[in-house]
Amino acid sequence: MSQAVSSFKQQKYDASAARVDMKFEVSLIPVSDVDRAKEFYARLGWRLDDDIVNGNDFRVVQFTPPGSGSSISFGKGVTAAAPGSFRGGLIVSDIEAAHKEFVARGINASEVFHGSPFSPAGRISGPDPERQSYRSYVAFEDPDGNAWIVQEVTRRAPGRIDPATTTFASANDLASSMRRAAAAHDEHEKRSGQRDANWPNWYAAYMAAEQSGTELPK
């Protein structure tokens, strides 16, 4: 009897825990020079959220990349990890546009490449030939050697995003999605041999399918 009660309580606990949303929003970056790191991430164009100093032994600086729901924090008394040991990932909708922005901001970024995102020996110059989602990258490091891999994602793998709640993180992401939908719609009209007066609905279906990873309209 006691085992049945225990099992019932565990089921109630598991069901309750499953209803708790947990959003990953902050990564801790180990740096050796806080002001140097602050200047670098500001030069990247990331938003400075806060710079808190509490005495001589604690300081935390927080930045958020444009359009991101997650932030980074670094400072003094924040983490015992060795400076340069962090590895992080960034997602963009246009890898070539992102590379141009890095160069314009004076960031020493790699060229656009495909192949292995982690092993320099496995990198192949240029974006993925078929421009497949998740296959094109840029890499850069902050002054301490903390490494970032920038990945182009235009069509999400299925299951990550609910198609009923499709959203865009920025106007740039929305515009990029609309351009891809327009190009695909042109092909759709060529195949059908007639003008599609209901193109707004077709665009919307295409853009939602890209984000949710479901089948794209033809």
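You'll find the structure just up there.
Residues numbered from 1 in each chain as written. Predicted model: local features only at pLDDT ≥ 70, side-chain atom pairs only at ≥ 80, totals over all residues. Heavy atoms only, no water.

### Some details on the sheet that holds strand S4 (residues 71-76)
Right, on to step 1. The strand order S1-S4-S3-S2 describes an open sheet built from 4 strands, whose pairing is mixed. At either end of the open sheet lies a strand with only one pairing partner, and these are strand S1 (26-28) and strand S2 (47-53). Averaged over all pairs of adjacent strands, the angle between their axes in this sheet comes to 20°, without regard to strand direction.
Right, on to step 2. Bridge analysis of S1 against S4 gives 3 bridges, and the strand direction is parallel. Paired with Ser27 across the strands is Ile72, a residue of S4.
Right, on to step 3. Strand contacts of helix H2 (residues 34-43): S2, strand S3 (59-64) and S4, with the helix running at about 10° to S3, the strand carrying the most contacts. (Pairing = 2+ DSSP bridges. Helix = DSSP H or I, 4+ residues; strand = E, 2+ residues; numbered from the N terminus. Axes fitted to C-alpha atoms, helices over the stretch in contact; angles between N-to-C directions. Contact = heavy atoms within 4.5 Å.)

### Side note on the pattern of salt bridges
Right, on to step 1. Scanning all chains against the criterion turns up 11 salt bridges.
Right, on to step 2. Arg59 is the partner of Asp35 in a salt bridge, and the nearest nitrogen-oxygen pair spans 3.0 Å. Of this pair, Asp35 sits in helix H2 while Arg59 sits in strand S3, and the two are 24 residues apart along the sequence.
Right, on to step 3. On the basis of relative accessibility, which here comes to 48%, the residue Asp35 falls in the partly exposed class.
Right, on to step 4. For Arg59, a relative accessible area of 16% translates into the label buried.
Right, on to step 5. Through salt bridges that share partners, Asp35, Lys38, Asp51 and Arg59 make up one connected network. (Salt bridge = Lys/Arg side-chain N within 4 Å of Asp/Glu carboxyl O. Buried < 20%, exposed > 50% of the residue type's maximum accessible area, 1.4 Å probe, protein only.)

### A look at helix H5 (residues 199-212)
Right, on to step 1. Under the 1.5 Å per step criterion, the end-to-end length of H5 is 20 Å for 14 residues, consistent within 8% with the ideal 20 Å.
Right, on to step 2. Three or more residues of H5 are buried, namely Trp202, Tyr203, Tyr206, Met207, Ala209, Glu210, Gln211 and Ser212.
Right, on to step 3. Contact partners of the buried residues in H5: helix H4 (171-192).
Right, on to step 4. Where H5 ends, the next residue or the one after it, Gly213, has phi of about 80°, a positive value. (Expected span 1.5 Å × (residues − 1).)

### What to know about the packing of aromatic side chains
Right, on to step 1. Using the criterion set out here, one finds 13 aromatic pairs in the structure.
Right, on to step 2. A centroid spacing of 6.3 Å and a plane angle of 40° characterise the contact between Tyr41 and Phe63, whose relative ring orientation is tilted. Placement of Tyr41 in helix H2 and of Phe63 in strand S3 is noted, with a sequence separation of 22 residues between them.
Right, on to step 3. By relative accessible area, Tyr41 is classed as buried at 0%.
Right, on to step 4. On the numbers, 5.1 Å between centres and 50° between planes, the contact of Phe102 with Phe140 is tilted. Taken together, the residues span a long stretch of sequence, with Phe102 in helix H3 (residues 95-104) and Phe140 in strand S8 (residues 137-141) at a distance of 38 residues. (Phe/Tyr/Trp six-rings, centres within 6.5 Å; stacked < 30°, edge-to-face > 60°.)

### Let's talk about the nonpolar core
Right, on to step 1. In terms of nonpolar packing, the biggest core is built from 25 residues, with Tyr41, Phe74, Phe102, Phe140 and Trp148 touching the most fellow members.
Right, on to step 2. At the level of elements, H2, S3, S4, strand S5 (87-92), H3, S8 and strand S9 (147-152) are the ones that each hand at least two residues to this core.
Right, on to step 3. In terms of residue count, H2 provides more of this core than any other element does, 4 residues in total.
Right, on to step 4. Residues within four places of Trp148 in sequence aside, it is in contact with Ile29, Tyr41, Trp46, Ile72, Phe86, Gly88, Gly89, Leu90, Val138, Ala139 and Phe140.
Right, on to step 5. Counting residues in each nonpolar core, the second largest holds 8 residues, with Ala181, Ala184, Met207 and Ala209 among its members. (Core = buried A, V, L, I, M, F, W, Y, C linked by side-chain atoms within 4.5 Å.)

### A word on the pairing of S2
Right, on to step 1. As judged from the 6 bridges shared by S2 and S3, these two strands associate in the antiparallel manner. Note on S3: the bridge partner recorded for Asp50 is Gln62.
Right, on to step 2. Taken together, S2 and the strand that follows it, S3, pair antiparallel across an intervening segment of 5 residues, in which Gly55 is found at a positive phi of about 75°.

### A word on the side chain of Ser133
Right, on to step 1. Counting through the fold element by element, Ser133 comes out in the loop between strand S7 (123-125) and S8.
Right, on to step 2. Engagement of the side chain of Ser133 in a polar contact is seen with the backbone oxygen of Arg155, the distance being 2.8 Å.
Right, on to step 3. With near-sequence residues (within four places) excluded, Ser133 lies in contact with Glu152, Val153, Thr154 and Arg155. (Polar contact = N/O pair within 3.5 Å; in protein donor to acceptor, adjacent residues only side chain to side chain.)

### Some thoughts on the environment of Glu215
Right, on to step 1. Relative to the assigned elements, Glu215 resides in the segment after H5.
Right, on to step 2. Residue class for Glu215 comes out exposed when judged on its relative accessible area of 67%.
Right, on to step 3. Sequence separation of Glu215 and Ala205 is 10 residues, and the distance between their C-alpha atoms is 9.8 Å.
Right, on to step 4. Once residues lying within four places of it in the same chain are set aside, the contact partners of Glu215 are Arg155 and Ala209.

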